[in-house]
Amino acid sequence: MKRGDILQTDNWKSPIIKRLENMEELVWINPKKESANKPLEKMGISTKDIDDARIRLERFAPFIECCFPETKATQGIIESPLTAIPMMQKFINESDHCNLTGTLLLKQDNELAIAGSVKARGGIYEVLKHTEDLALFHGLLRKEDNYAKLASKECRHFFQQYTIQVGSTGNLGLSIGMVSVAIGYKVIIHMSSDAEQWKKDLLRKHGVVVVEYQSDYSVAVKNGRVQSDKDPKSYFIDDENSIDLFLGYAVAAKRLELQLKEQGLIVNEEHPLFVYIPCGVGGAPGGITFGLKDIFGENVHCFFVEPTKAPCMLLGMASGKHDEISVNDIGLDGQTLADGLAVGRASGFIGKVMEPILSGIFTVEDCKLFEYMRHLLNKEQIFLEPSACAAFEGVMRLSFYDEMSEYLANCKLEDKIGNATHIVWATGGSLVPDKNREEYINTYVGD
Ligand SMILES: *Cc1c(COP(=O)(O)O)cnc(C)c1O
């Protein structure tokens, strides 16, 4: 579809789209959200599917523990801490227009083992699912076996005949690359121009083939898929459409429920839960949101945050065009310093699944990501990569936008917001090398 065609044939350009075109910071409240307790049933994915995924990860835990000693403490389960950040909350409340009552927590996916980012959830899960399918089919494994067996020479030799491929802006490639190499696969990662050099270097060090593209993420995915389809023994992980990836992300919710309980935090009608997650193509925040809605229903309110330079999910959902529209169609180049969020065209699958459940989407300017990063480091001594800091825009702007006040009023939350738990989903950062951290910390983006 050419830009001109869309502009001429439709009057789809609502005021919100014009504001996206102008790269304004804003919040969009999703008008299609349903208030029903369980809007999930009609989506064809169920609680049982998420439970299956969670149990599959438990079957693989002995293997993960065996290959990745850093997961010993959690017995091969890859999970991140849920951390109170009171000093950051105090700082937020000292800023203009901020009034953040209740409890502020950081979900530290930056600490996830193996990949150091949220991608450790979806990416690793899908590789393991594919591995189990192959191993069961070829009689290498029975479900009752101890999966540590997969680390044997014989199994590694078997998997060497197969290839895993994926298109990535960096972190997905990192998570899929690391686990696939551990299993024995040949791995080819198709990296978009946004991908950081250190991520490519790290993968190559582990024997992964990294194909570099001068173009954006969509092109890397498209070409990766074509290359993979030519080889019957190659499996392509499709970030834009994969149900398995989605289910891997969704498992986060059940574990979060437990962590909240352990910390004595209640989620119910009187104690709402607010969650803010950075969004690129949509898979990670979409899967997590789906899992959370499945558990907490109406009592959880999920918001995505996107860069003003690449608000692809907002554009797709607000226009109703989903993956049939790209940020290029409204004159944006999608070039953001938030490399993990540098996506011009959202997943259509995720956008449609989010329609009845997502509360809204914030957009944020690049320069603020670096500010949030420095504040968190100063106040709590926690380092996040810039993309991950996008989630702070939600809590910073909660009492700023009239649309948010209206949302709270419509949900009858005005007198309950003081009891709320707010979770900022910190999607990545622990693998960023010191040299790059220094660079990030000293980055000041002028306008
Ligand atoms: C990939 C990524 C996201 C967003 O996930 P999507 O599935 O692309 O929406 C957010 N933060 C970081 C650090 C990421 O790498």
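Since this is a predicted model, take the numbers as computed values, not measurements. Numbers given for residues are sequential positions, taken from 1 along each chain in its written order. Local features in this predicted model are restricted to residues whose pLDDT is 70 or higher, and side-chain atom pairs enter the listing and the counts only when it is 80 or higher, whereas totals over whole chains, interfaces and linings include all residues. With hydrogens and water set aside, each side-chain value is computed from the structure's full complement of heavy atoms.

Asker: Pulling in residues and values, what's your account of the domain arrangement of the protein chain?
Answerer: The figure often quoted for interface size is the accessible area lost as the parts come together. Per the annotation, domain bounds derive from an automatic or database assignment of domains. Partitioning the protein chain into structural domains gives domain 1 (3-45 + 69-115 + 249-441) and domain 2 (119-243). The centre of domain 1, based on its C-alpha atoms, is set 26 Å off from the matching centre of domain 2. Contacts are residue-level and defined by heavy atoms, with any inter-residue pair within 4.5 Å sufficient. Across the boundary between the two partners, domain 1 contributes 28 residues, which contact 23 residues of domain 2. When two components associate, each loses some accessible surface as probed by a 1.4 Å sphere; the sum of these losses over both components is called the buried area. Taking both sides of the interface into account, the surface hidden between domain 1 and domain 2 amounts to around 2200 Å²; carbon and sulfur atoms contribute 57%. Between Lys or Arg on one side and Asp or Glu on the other, a salt bridge is scored when a side-chain nitrogen of the former is within 4 Å of a carboxyl oxygen of the latter. For Asp339, the salt bridge identified is with Lys199, shortest N-O distance 3.3 Å. Ten residues, namely Ala, Val, Leu, Ile, Met, Phe, Trp, Tyr, Cys and Pro, are considered nonpolar, four, namely Asp, Glu, Lys and Arg, are considered charged, and the remaining ones, Gly among them, are considered polar. When its residues are assigned to classes, the side of domain 1 that touches domain 2 shows 17 nonpolar, 4 polar and 7 charged.

Asker: How would you explain helix α9 (residues 217-229) if you had to name every residue and give the values?
Answerer: With 13 residues, α9 extends 18 Å between its outermost C-alpha atoms, agreeing within 8% with the 18 Å of an ideal straight helix rising 1.5 Å per residue. Polar contact is defined as a pair of N or O atoms within 3.5 Å, subject to the rule that within protein one atom must be able to donate a hydrogen and the other to accept it, and that residues adjacent in sequence are counted only when both atoms are side-chain atoms. Secondary structure counts use DSSP, requiring at least four H or I residues in a row for a helix and at least two E residues in a row for a strand, with both numbered from the N terminus. Capping the start of α9 is the job of one residue whose side-chain oxygen sits 3.2 Å from the backbone nitrogen of Ser218: Asp216. What a helix should span is 1.5 Å times the count of its residues minus one.

Asker: Let's hear about the packing of helix α4 (residues 86-94) against helix α15 (residues 366-380): which residues, and what values?
Answerer: Angles here are taken between N-to-C directions and fall from 0 to 180 degrees, while the axes themselves are lines fitted to C-alpha atoms, restricted in helices to the stretch in contact. Relative to each other, α4 and α15 sit at 125°, their axes nearing to 8 Å. On the basis of their axis angle, the class for α4 and α15 is oblique. Note that α4 runs across α15; the crossing there is right-handed. Mapping the contact onto sequence places Pro86, Met87, Met88 and Phe91 in α4 and Tyr372, His375, Leu376, Lys379 and Glu380 in α15. Grouping the constituent residues of the contact of α4 with α15 by class yields 6 nonpolar, 1 polar and 2 charged. Oblique is the label for any angle not under 35 degrees, not over 145, and not in the 65 to 115 range, which are roughly parallel, roughly antiparallel and roughly perpendicular in turn. With the far helix as reference, a near helix turned anticlockwise by less than a right angle produces a left-handed crossing, and one turned clockwise produces a right-handed crossing.

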